[in-house]
There are 2 protein chains.
Amino acid sequence: MEIIRSNFKDNLNKVYEAIEEADFLAIDGEFSGISDGPSVSTLTNGFDTPEERYQKLKKHSMDFLLFQFGLCSFKYDHTEAKYIMKSFNFYIFPKPFNRSSPDVKFVCQSSSIDFLANQGFDFNKVFRNGIPYLNQEEERQLREQYDERRSQANGAGTLSYISPNATKCPVTIPEDQKKFIERVVEQIEDLIQNEENKNLQLEPSIPGIIYLCHYCFQKERYIVISKVDEEERKRREQQKQAKEQEELSDAVGFSRVIHAIANSGKLVVGHNMLLDVMHTIHQFYCPLPEVSGLVSLQVIYKMYPEIRSNSSEIYCGWKLLDTKLMASTQPFKEIINNTSLAELEKRLKEIPFNPPEVESAEGFPSYDTASEQLHEAGYDAYITGLCFISMANYLGSFLSPPKNHVSARSKLIEPFFNKLFLMRVMDIPYLNLEGPDLQPKRDHVLHVTFPKEWKTSDLYQLFSAFGNIQVSWIDDTSAFVSLSQPEQVQIAVNTSRYAESYRIQTYAEYVEKKHEEKQAKRKWTEDSWKEMERKRLKTQYTPYIPQSRYYCVNSFTATSTMGKRSMSPIQEETGSDDVEEREIQDTELDETDCYAESVPEGRKRAKKFKKVKKEQDPTGKSNVAESAFLSFSCLEPL
Amino acid sequence: MEIIRSNFKDNLNKVYEAIEEADFLAIDGEFSGISDGPSVSTLTNGFDTPEERYQKLKKHSMDFLLFQFGLCSFKYDHTEAKYIMKSFNFYIFPKPFNRSSPDVKFVCQSSSIDFLANQGFDFNKVFRNGIPYLNQEEERQLREQYDERRSQANGAGTLSYISPNATKCPVTIPEDQKKFIERVVEQIEDLIQNEENKNLQLEPSIPGIIYLCHYCFQKERYIVISKVDEEERKRREQQKQAKEQEELSDAVGFSRVIHAIANSGKLVVGHNMLLDVMHTIHQFYCPLPEVSGLVSLQVIYKMYPEIRSNSSEIYCGWKLLDTKLMASTQPFKEIINNTSLAELEKRLKEIPFNPPEVESAEGFPSYDTASEQLHEAGYDAYITGLCFISMANYLGSFLSPPKNHVSARSKLIEPFFNKLFLMRVMDIPYLNLEGPDLQPKRDHVLHVTFPKEWKTSDLYQLFSAFGNIQVSWIDDTSAFVSLSQPEQVQIAVNTSRYAESYRIQTYAEYVEKKHEEKQAKRKWTEDSWKEMERKRLKTQYTPYIPQSRYYCVNSFTATSTMGKRSMSPIQEETGSDDVEEREIQDTELDETDCYAESVPEGRKRAKKFKKVKKEQDPTGKSNVAESAFLSFSCLEPL
């Protein structure tokens, strides 16, 4: 169901109802761009830590507009043994609603806009009929403004009936206007004296008029002076108040849907949803927190106690699941080659999976997965939901006895909660919203600094003695280079000692130095405290050690004849229909442009997942789920 | 005529022809926003110097996209005594054309987008079918890339036929791929041996393949290896080159129209055209220059000698005329009350003006000025042209004998060349592209600094002893306050000496201090040189002294109950159809919100323009035109 500004209010209760009755929700967003700074390949460096990635996206992705939001509710009908689905496709636009409302500026990235245009995206619908919204601070300010105005009109009643400046600055009436003013004064005196007259309308558009009655001032540019008794005044005041309340509600607009989702406590499913979640918080709640170290999104309610106290359930209620992460994890990753949304949806209809039984609710249009409508947020949310159902149900097949239906409340899927897929990070699969992030060893990784003229081929030449290497660009003059053997690392560092044009250090040295620089800059502030906290947590947490160091990385490794690195890959040229790879728009780059790149070894080394009969352990957690989760430790290409 | 990406090439010659045959051209642009920084009222402070205004627009307006460009050519038909008009409405969008092309990010301002949406602006046409463009630097880079690639393919011919990495980094072929590689090698050997076979197509999408023939690599993700003799190779090379040339031309796209306009040397007319000109240079030529002091736009060809040498005629050729400035100047300003485009067009149809005789050229649609299509750039350009014709012809009525038709080449209009209207500046009507800017005295102006809680009403109170004042906000803690008498200035400064919460200085002191700060920051650089130059010019130039100090200013002076100052006025609320005031979007603010504001005295003091019989003076300049121009010195509300 398409929801725009003109039908939003009429359908809001339908949306609330769908959220309330749902077993789980699926969401998806479309944005006006991805990166306003570095190229996307630099934005998503293969050796970003989760914190670094978060900071980069926060810095370079939040000025874009989330202008389409897909919401799909899934409710399981036990009698019919199928899901009933309600899908909503919202168009969003920050239409200023009055003079003092925020005049939002947002960035558009040509390649993203062009991509959506090619998909038939309707920009006119967004800009002409998008639903407005306010974040919590804007809502608070608007409420305050209304309150202030009201208390002015009520409490200091008399004040609002005199010229605001009268007591402060006596107005000198110019000679040529005196006659006009005298006539107005006469008219007003006449109004007050005369019982029958109730209203006095002054001449419209009188130049230079002194506004005697600010309160009665109308937008239409003439002034009406009314005689009202106390009762009538109160009635008008109440009318006005009710109107204001409705205006406020209208202005909060789409944010009300987001509040309802968060307050529902329902599981929210998304595919590669980190950016969706960040945009949703940034656009409809509050600025993203300045987090450092391991804590990230989840600290919002710690950092903004006023939010917590006002609506603590909002952030405590988030229960997110990323289907791209799920598909990249045991027991799925061995039987799913391509985790892009469209491919995943197709794969999950085939053996050993079962296509989910899903039907549109009455009065809701149904999507046809055969004729794809990819990149409409509502459709993408819908097939994300389908993917989740298939995968959740598949987990049920490992139970004893096997179950065909695994609900969104099942313990089996809990290990996937609040972990968001990290695009293209080689050795850390997710950003953890609920605890410390994973700490990979990276003892086979070098940090190399070099002149800005260098291209990838220069790095290949430099490391030609070390066999296959992988290059992850950081910026124009530095990159991570991962070797196939950690033993080679010290050799590389040693041989580079006397080099003049470039500099090599180990990943550990690089991290240490970066950390020192940071510390030097900082004072003993909130930030330092957090850093301490990070260290404390770090020591408590068993570091994560990847077993395999050789992956088919997504970092870009080709020498392009057109330049150092490709900048804005065009979707239609790459011919890709890979959904979330498109979102980080250099999709096919790796496959098409790179040479001398080996077959992903990981795929070969993948162990067969063994069907094990399990019982529930006393904590209530399924061992299957645990083993699925633990299988992250055997990292392979995602 | 609507020109979009799909019909651009087919109609380009029509556009060239229209420019070539025209007597003059009219232009207009529509942008995705106005200010990404301060509110528009702060962006257009009433006491900006032309340089300050330029710097502010440069800083806060150039990240928006000019996405619709109107061009209207007017050719006078002497036999029929009427103009033949050709109107073009171009949709512009920086669609990236390949992977290495710039991925432009542009800003949208919600209030501007909303305004255009309400006018029925077609965003889908822009984003789906806008014409691409390149500025000169981007064009140069692209040309270089093509040249480099070509020299690689030709000169170092052999190099392009071997694996780019082969000499640098011996590839270790993994055990499991050896068989596959051997088979490929066999196939290639077979191709070389066998006379009959000309092509070899390798299996598509082979994972991890070593690309033996980069040159033959196709986008379609398979590899074709061809045997070609020298002749065939050259033929293919030429084909490729021709294709590249066309690609380059397509990429330069709409910029070719701008080049043609500039190269034509034709008079280009616009209404309130400063932003249009700045956007045009910034988007289709090169970054705007960092000018300081009196020199501004016109220095581009001095600062970028490479542009001058390549196409010196471009900047030397600009001959611009601003119809809003013209209408605000003698002999027009006394008989034209409202210089907004729509109002001006209406006024210029009435006595003493004559509605211009204009007809659409054959095959070109005609606009109906009765049913306004304001804010379509093509239509706005059209009525701007109409306004120019009416005003130019009116100047002919002062000649002896009077002339009904005054051409765009007439000396009568030369005084208006290359002076662009300055929106809302109280005492400097234009930014001069050809010489030093006017220097107003401003001896009745104070610079006031105060706590950020202050509102306009606090300033009124502070200056209540001085009668009528005008406030021009600079930022949250400072404003210019102009008094009605310069004699009051020193009194105000003296009485403020011991004030703690605020600080008052004269305008002259403010300028001096600002200048000192600037100097302190600077080294002896190019900039300092320019400053010297500015001083030199200043001493040569007779300072401009305004005769009247009391105008109905456009600066915002109201106390709003909703906040300190209004931020994003909504067009539909103000109900204005004032075109260029809308562009600086707080149109009706002054009239609707302010109180205790006096009738513009200037209007009363306007001297009747006397019809004088004139002869041409020896310099060839008409005295009428000169007196029209000189009448700036008697400044009144514009």
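- By the naming in an unreviewed UniProt entry, chain A goes by Poly(A)-specific ribonuclease PARN and is assigned to Chelydra serpentina.
- According to UniProt, the comment filed for chain A under the heading Catalytic activity (unreviewed entry) is "Exonucleolytic cleavage of poly(A) to 5'-AMP."

**Details of the overall build of chain A**
Then, in step 1: Across its full length, chain A holds 24 helices and 16 strands.
Then, in step 2: Per-residue burial for chain A yields a buried fraction of 56% across its 638 residues.
Then, in step 3: Put simply, of all contacts in chain A between residues at least 6 apart along the chain, 74% involve residues at least 24 apart.
Then, in step 4: For chain A, the exposed surface amounts to about 28000 Å²; the carbon and sulfur share of it is 50%.

**Some points on the pairing of strand β14 (residues 469–475) of chain A**
The side chains of a regular strand alternate, first on one face of the sheet and then on the other.
All names here are of chain A.
Then, in step 1: Burial analysis of β14 places 5 of its 7 residues in the buried class, which makes it a mostly covered element.
Then, in step 2: Where β14 and strand β15 (residues 478–483) come together, 6 bridges link them in antiparallel fashion. Residue Ser 472 lies in a different strand from β15, and its bridge partner there is Phe 480.
Then, in step 3: The loop that links β14 with its antiparallel partner β15 comprises 2 residues.

**Details of a negative patch on the surface**
Then, in step 1: Taken together, the side chains of Glu 182, Glu 186, Glu 189 and Asp 190 of chain A define an acidic patch exposed on the protein surface.
Then, in step 2: Here Glu 186 of chain A falls in the exposed class, since its relative accessible area comes to 54%.

**Overview of the sheet that holds β14 of chain A**
Strand pairing in a sheet is mediated by backbone hydrogen bonds. Such pairs are either parallel or antiparallel.
All names here are of chain A.
Then, in step 1: Spatially, the 4 strands line up as an open sheet ordered β14-β15-β13-β16, and their pairing is antiparallel. Every other strand in the sheet has two partners, leaving β14 and β16 (503–506) as the edge strands with one partner each. Between one strand axis and the next, the sheet turns through 25° on average, direction left out of account.
Then, in step 2: Here helix α17 (residues 487–495) sits on the sheet and contacts β13 (445–449), β15 and β16; the angle it forms with β16, its principal contact strand, is near 145°.

**A short note on the nonpolar core**
Then, in step 1: Ranked by internal contacts, the top residues of the largest apolar core, which has 143 residues, are Leu 71 and Phe 90 of chain A together with Leu 71 and Phe 90 of chain B.
Then, in step 2: In contact with Leu 71 of chain A, not counting residues within four places along its chain, are Val 15, Ile 19, Leu 25, Ala 26, Ile 27, Lys 86, Ser 87, Phe 88, Phe 90, Val 257, Ile 261 and Ala 381 of chain A.

**Remarks on the packing of helix α1 (residues 5–21) of chain A against helix α9 (residues 255–264) of chain A**
All names here are of chain A.
Then, in step 1: Two numbers describe how α1 lies on α9: the axes approach to 10 Å, and their chain directions differ by 10°. On the basis of the axis angle, α1 is roughly parallel to α9. Every residue of α9 that contacts α1 at Phe 8, Leu 12, Val 15, Tyr 16 and Ile 19 is listed here: Arg 256, Val 257, Ala 260, Ile 261 and Ser 264.
Then, in step 2: Within the contact of α1 with α9, the residues separate by chemical class into 8 nonpolar, 1 polar and 1 charged.

**Description of the pairing of strand β3 (residues 66–77) of chain B**
Residues and elements named next belong to chain B.
Then, in step 1: The element β3 is largely enclosed, with a buried count of 10 among its 12 residues.
Then, in step 2: Here 8 bridges tie strand β2 (residues 24–31) to β3, and the two strands are oriented antiparallel to one another. Bridge pairing links Phe 31 to Leu 66 in β3.
Then, in step 3: Two elements, β3 and strand β4 (residues 82–91), share 10 bridges in a ladder whose sense is antiparallel. Residue pairing in the sheet places Lys 75 in a bridge with Ile 84 of β4.

**What to know about the packing of helix α3 (residues 50–61) of chain A against helix α10 (residues 274–284) of chain A**
Residue and element names in this part refer to chain A.
Then, in step 1: The contact between α3 and α10 brings their axes to 11 Å, and the two run at 55°. Taken as axis vectors, α3 and α10 run oblique relative to one another. Both α3 and α10 take part in a crossing whose hand is right-handed. Contacts between α3 and α10 involve Arg 53, Tyr 54, Leu 57, Lys 58 and Ser 61 on the former and, on the latter, Leu 274, Leu 275, Met 278 and His 279.
Then, in step 2: A class-by-class count of the residues in the contact of α3 with α10 yields 5 nonpolar, 2 polar and 2 charged.

**Describing the state of the cysteines**
Then, in step 1: The final tally for this structure, using the stated rule, is 0 disulfides over all chains.
Then, in step 2: Of the cysteine sulfurs around Cys 387 of chain A, a residue in no disulfide, the closest is that of Cys 72 of chain A, at 12 Å.
Then, in step 3: Cys 108 of chain B takes part in no disulfide bond, and the closest cysteine sulfur, belonging to Cys 108 of chain A, lies 3.7 Å away.
Then, in step 4: By relative accessible area, which is 0% here, Cys 108 of chain B ends up buried.

**Digging into helix α10 (residues 274–284) of chain B**
Then, in step 1: Counting buried positions along α10 of chain B gives 10 out of 11 residues, so the element sits mostly inside the fold.
Then, in step 2: Taken as a whole, α10 of chain B has its buried residues at Leu 274, Leu 275, Asp 276, Val 277, Met 278, His 279, Thr 280, Ile 281, Gln 283 and Phe 284 of chain B.

**Observations regarding the sheet that holds strand β13 (residues 445–449) of chain B**
All names here are of chain B.
Then, in step 1: Taking strand neighbours across the sheet as the criterion, the 4 strands line up as β14-β15-β13-β16 in an open arrangement whose pairing is antiparallel. Looking at the sheet topology across the chains shown, the edges are occupied by β14 (469–475) and β16 (503–506). The sheet shows a mean angle of 25° between the axes of neighbouring strands, direction not considered.
Then, in step 2: Across 4 bridges, the pairing between β13 and β16 is antiparallel. Of the residues in β16, the one forming a bridge with His 447 is Gln 505.
Then, in step 3: Where helix α17 (residues 487–495) meets the sheet, its contacts fall on β13, β15 (478–483) and β16, and the angle it forms with β16 comes to roughly 145°.

**Points about the pattern of salt bridges**
Residue and element names in this part refer to chain B.
Then, in step 1: Inspection of the entire model under this criterion finds 52 salt bridges over all chains.
Then, in step 2: Between Lys 9 and Glu 246 there is a salt bridge, with the nearest N and O atoms lying 2.8 Å from each other. Of this pair, Lys 9 sits in helix α1 (residues 5–21) while Glu 246 sits in helix α8 (residues 230–252), and the two are 237 residues apart along the sequence.
Then, in step 3: We note a salt bridge from Glu 414 to Lys 411, for which the minimum N-O separation is 3.4 Å.
Then, in step 4: Judged by relative accessible area, Lys 411 falls into the partly exposed class, the value being 41%.

**Re the packing of aromatic side chains**
Then, in step 1: For the structure shown, the criterion picks out 69 aromatic pairs over all chains.
Then, in step 2: Its end group placed over the ring of Tyr 430 of chain B, Lys 419 of chain B keeps NZ or CZ at 5.9 Å from the ring centre.

**With respect to helix α4 (residues 110–118) of chain A**
Then, in step 1: For α4 of chain A, the buried fraction is high: 8 of the 9 residues fall into the buried class.
Then, in step 2: Directly beyond the C-terminal end of α4 of chain A, a positive phi value near 80° is found at Gly 120 of chain A.

**Here's the deal with the side chain of Glu 244 of chain B**
Then, in step 1: You can see Glu 244 of chain B is positioned in helix α8.
Then, in step 2: For Glu 244 of chain B, the residues in contact, after removing those within four places along its chain, are Tyr 146, Arg 149 and Arg 150 of chain B.

**With respect to unusual backbone geometry**
Then, in step 1: Cis geometry marks the peptide bond from Gln 330 of chain A to Pro 331 of chain A, where omega comes out at 5°.
Then, in step 2: Structurally, the position occupied by Pro 331 of chain A is in the loop between α13 (323–327) and α14 (341–347).
Then, in step 3: Look at the link from Ile 351 of chain B to Pro 352 of chain B: it is a cis peptide, with omega at 5°.
Then, in step 4: Even without glycine at this site, Ala 81 of chain B takes up a positive phi of about 55°.
Then, in step 5: In this structure, Ala 81 of chain B sits in the loop between β3 and β4.
Then, in step 6: The backbone phi angle of Arg 442 of chain B is positive, close to 55°, even though this residue is not glycine.
Then, in step 7: Along the chain, Arg 442 of chain B turns up in the loop between β12 (430–432) and β13.

**As for the side chain of Asn 393 of chain A**
Then, in step 1: Take Asn 393 of chain A: it is sitting in helix α15 (residues 377–396).
Then, in step 2: With residues near it in sequence (within four places) discarded, Asn 393 of chain A still touches Lys 403, Asn 404, His 405 and Val 406 of chain A.

**Quick notes on the environment of Gln 488 of chain A**
All names here are of chain A.
Then, in step 1: Within the element layout of this structure, Gln 488 appears in helix α17.
Then, in step 2: Given the relative accessible area of 16%, Gln 488 is considered buried.
Then, in step 3: Through-space distance from the C-alpha of Gln 488 to that of His 444 is 7.6 Å; in sequence the pair is 44 residues apart.
Then, in step 4: At 3.5 Å, the side chain of Gln 488 and the backbone oxygen of Phe 466 are in polar contact.

The rules behind each value
- Residues numbered from 1 in each chain as written.
- Chains lettered and ligands numbered in written order.
- Predicted model: local features only at pLDDT ≥ 70, side-chain atom pairs only at ≥ 80, totals over all residues.
- Heavy atoms only, no water.
- UniProt positions renumbered as here; feature names shortened; annotations may be inferred.
- Helix = DSSP H or I, 4+ residues; strand = E, 2+ residues; numbered from the N terminus.
- Buried < 20%, exposed > 50% of the residue type's maximum accessible area, 1.4 Å probe, protein only.
- Contact = heavy atoms within 4.5 Å.
- Areas by Shrake-Rupley, 256 points an atom, 1.4 Å probe, with all protein chains shown as cover.
- Pairing = 2+ DSSP bridges.
- Patch = residues over 30% accessible without salt bridge, like charges linked within 9 Å, V, L, I, M, F, W, Y side chains within 5 Å.
- Salt bridge = Lys/Arg side-chain N within 4 Å of Asp/Glu carboxyl O.
- Lys, Arg positive; Asp, Glu negative; His and termini not counted.
- Charge placed at Lys NZ, Arg CZ, Asp CG, Glu CD.
- Axes fitted to C-alpha atoms, helices over the stretch in contact; angles between N-to-C directions.
- Core = buried A, V, L, I, M, F, W, Y, C linked by side-chain atoms within 4.5 Å.
- Parallel < 35°, antiparallel > 145°, perpendicular 65-115°, else oblique.
- Nonpolar A, V, L, I, M, F, W, Y, C, P; charged D, E, K, R; others polar.
- Left-handed = near helix turned anticlockwise from the far one by under 90°.
- Disulfide = S-S within 2.5 Å.
- Phe/Tyr/Trp six-rings, centres within 6.5 Å; stacked < 30°, edge-to-face > 60°.
- Lys NZ or Arg CZ within 6 Å of the ring centre and 35° of its normal.
- Polar contact = N/O pair within 3.5 Å; in protein donor to acceptor, adjacent residues only side chain to side chain.

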